[in-house]
Amino acid sequence: MTDIAPRIAVVAIGDPESPSLWSGTPSNIVQALRASGAEVIGVDLRSHLDMPAVDAVALPRVLAGLGRRGLRAGLDRERRVAQQSMVLARVRARTARRQFARIGAIDGVVQMGTGFAVPHRNVVSYEDMTTVQALAWPDTFWGDVPNYMAEARVRQQASAYKRNRAAAFSTNWAAQSAVTQLDCPPEKAHVVGIGPNFTAGPVRRRDWATPRFLFAGREWSRKNGPAVVEAFARVRELFPAAELHLAGHLPPIDRPGIVSHGHLDLAVPADRDRMLELWSTATCCVVPSRFEPAGIIYVEAMHAGIPAIGTTQGGAPDIIGDAGRAVDPEDPQALTAAMLEFCDPIAAATAGQRARRRSELYSWTRVAAGLQGALGLAYVPRPDAEERRRRVE
């Protein structure tokens with residue numbers, strides 16, 4: 001350990017300090033590292049070859065396919081293909097080299113993703129899933145990326161795991177894939193968890209007697225919103241007072257007991273207050289996504305002190321643990337049964353207590369500490385670090 005604060009670069013394809021990038025993960029990591037006393041420099045590796053130029057290069061292919069899929073679908077596909085291009089990976093490596101030369105001496109690098117090489121001796125990557133896992137869900141992530149590009153991307157990721165000092169993951173599910181499917185040396189794989197984007201905190205006198213389910217998510221279909229609505233209809237037959245509150249980009253829904261709040265932007269004070277109210281009155285969070293690499297929403301439920309019903313598909317079971325239930329998103333009976341379980345006030349309150357205890361495992365402070373440990377940069381924080389850490393969380 002040292003009492004000298006390390007100088008750490010957080011590198012991403014996009015602005016690492018933007019709350020909109022990667023669901024706010026890089027931004028939260030930057031803030032947590034700074035709160036611990038480290039000097040942090042955000043490095044954006046986007047270049048002129050990213051979206052505008054790629055669209056121009058891809059235009060002939062797009063136009064050729066207009067009769068089958070339309071302009072927007074064609075452009076979306078070409079963007080996905082281009083983003084996985086090894087050409088862009090090489091460009092980003094050169095961009096990183098130039099940026100590092102401008103920044104000066106750096107003790108360590110946190111690399112968001114492994115789609116590019118970072119020219120530094122001390123690098124830890126951070127991811128919530130591997131390329132192999134993402135390729136198993138083409139409709140959710142990369143689309144119909146050509147096989148040669150997918151194979152090149154797998155090789156690039158495996159190379160990063162061998163080259164870098166360490167590889168950090170949000171769940172054991174992702175870490176095991178890296179070790180068993182991409183030959184990441186086991187001693188390099190670190191599970192550092194994730195943290196919440198929104199912390200409501202536990203409610204002293206929550207009304208557990210009336211079931212109030214909360215679904216929150218931008219992607220209505222991937223988060224399995226339609227299945228939640230159908231399951232709730234069956235729940236309400238047995239519990240007529242039950243409520244389902246929906247937040248996100250939603251279709252029009254007019255059903256008994258369902259309240260739609262639309263998209264709530266946490267950067268807008270009124271929306272943030274509304275989200276706080278929803279977390280404070282809910283008795284269960286239900287987001288049984290079709291696929292979820294980790295699930296920040298489940299961590300937010302823990303911090304609010306309520307159980308979460310999540311998905312078995314992905315790394316969510318690692319996150320949820322005993323703080324709720326993970327169900328097969330294609331099994332409507334299992335989803336309904338889980339919701340009915342938490343209609344019981346004693347069962348919901350007991351699971352909420354477990355959730356609150358489990359929330360101690362998940363914070364951006366812990367993620368930052370894990371990343372620094374993986375980099376070999378553990379140190380004694382400055383005297384004011386504890387107060388700054390509390391402000392971040």
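Nothing here was measured: the structure is a model prediction, and the numbers come from that model.

## Observations regarding the packing of helix α9 (residues 225-238) against helix α13 (residues 332-341)
Axes are the key here: two packed helices are described by the angle between their axes and the distance separating the axes.
Part 1 of the reasoning: Look at α9 against α13: their axes get within 9 Å of each other, and the N-to-C directions meet at 50°. Overall, the two elements α9 and α13 adopt an arrangement that is oblique. Helix-helix and strand crossings are classified by hand; for α9 and α13 the assignment is right-handed. Contacts between α9 and α13 involve Ala227, Val228, Ala231, Phe232, Arg234, Val235 and Leu238 from the former and Pro332, Leu335, Thr336, Met339 and Leu340 from the latter.

## Some words on the nonpolar core
Part 1 of the reasoning: Within the largest apolar cluster, 78 residues are counted, with the highest numbers of intra-cluster contacts made by Tyr126, Leu244 and Trp279.
Part 2 of the reasoning: For this core, the element with the highest residue contribution is helix α11 (residues 296-304), accounting for 7 residues.
Part 3 of the reasoning: When near neighbours in sequence (up to four residues on either side) are disregarded, leucine 244 contacts Phe213, Phe215, Val228, Val229, Phe232, Gly257, Ile258, Val259 and Val286.
Part 4 of the reasoning: Counting residues in each nonpolar core, the second largest holds 13 residues, with Ala9, Ile41, Leu45 and Ile106 among its members.

## Observations concerning the confidence of the model for the protein chain
Part 1 of the reasoning: Looking at the protein chain as a whole, its pLDDT mean stands at 87, while 85% of the residues score no less than 70.
Part 2 of the reasoning: Scored below 50 in pLDDT, residues 51-71 shows 20 contacts in the model against residues more than four places distant or in partner chains.
Part 3 of the reasoning: In this model, residues 385-393 is a region of pLDDT below 50 whose contacts with residues beyond four sequence positions or in other chains number 17 contacts.

## Some points on the sheet that holds strand β4 (residues 123-127)
Part 1 of the reasoning: As summarised here, the arrangement of the 6 strands in space is β2-β1-β3-β4-β5-β6, forming an open sheet in which the pairing is parallel. A single partner strand is all that each edge strand has here, and the edge strands are β2 (39-44) and β6 (189-191). Along the sheet, successive strands turn relative to each other by an average axial angle of 25°, direction set aside.
Part 2 of the reasoning: With 4 bridges connecting them, β4 and strand β5 (residues 166-169) associate as parallel partners. Counted as the bridge partner of tyrosine 126 is alanine 168 from β5.
Part 3 of the reasoning: Sitting on the sheet, helix α7 (residues 147-163) is in contact with β4 and β5, with an inclination near 130° to β4.

Parameters at a glance
- Residues numbered from 1 in each chain as written.
- Predicted model: local features only at pLDDT ≥ 70, side-chain atom pairs only at ≥ 80, totals over all residues.
- Heavy atoms only, no water.
- Axes fitted to C-alpha atoms, helices over the stretch in contact; angles between N-to-C directions.
- Helix = DSSP H or I, 4+ residues; strand = E, 2+ residues; numbered from the N terminus.
- Parallel < 35°, antiparallel > 145°, perpendicular 65-115°, else oblique.
- Left-handed = near helix turned anticlockwise from the far one by under 90°.
- Contact = heavy atoms within 4.5 Å.
- Core = buried A, V, L, I, M, F, W, Y, C linked by side-chain atoms within 4.5 Å.
- Buried < 20%, exposed > 50% of the residue type's maximum accessible area, 1.4 Å probe, protein only.
- pLDDT = per-residue confidence, 0-100.
- Pairing = 2+ DSSP bridges.

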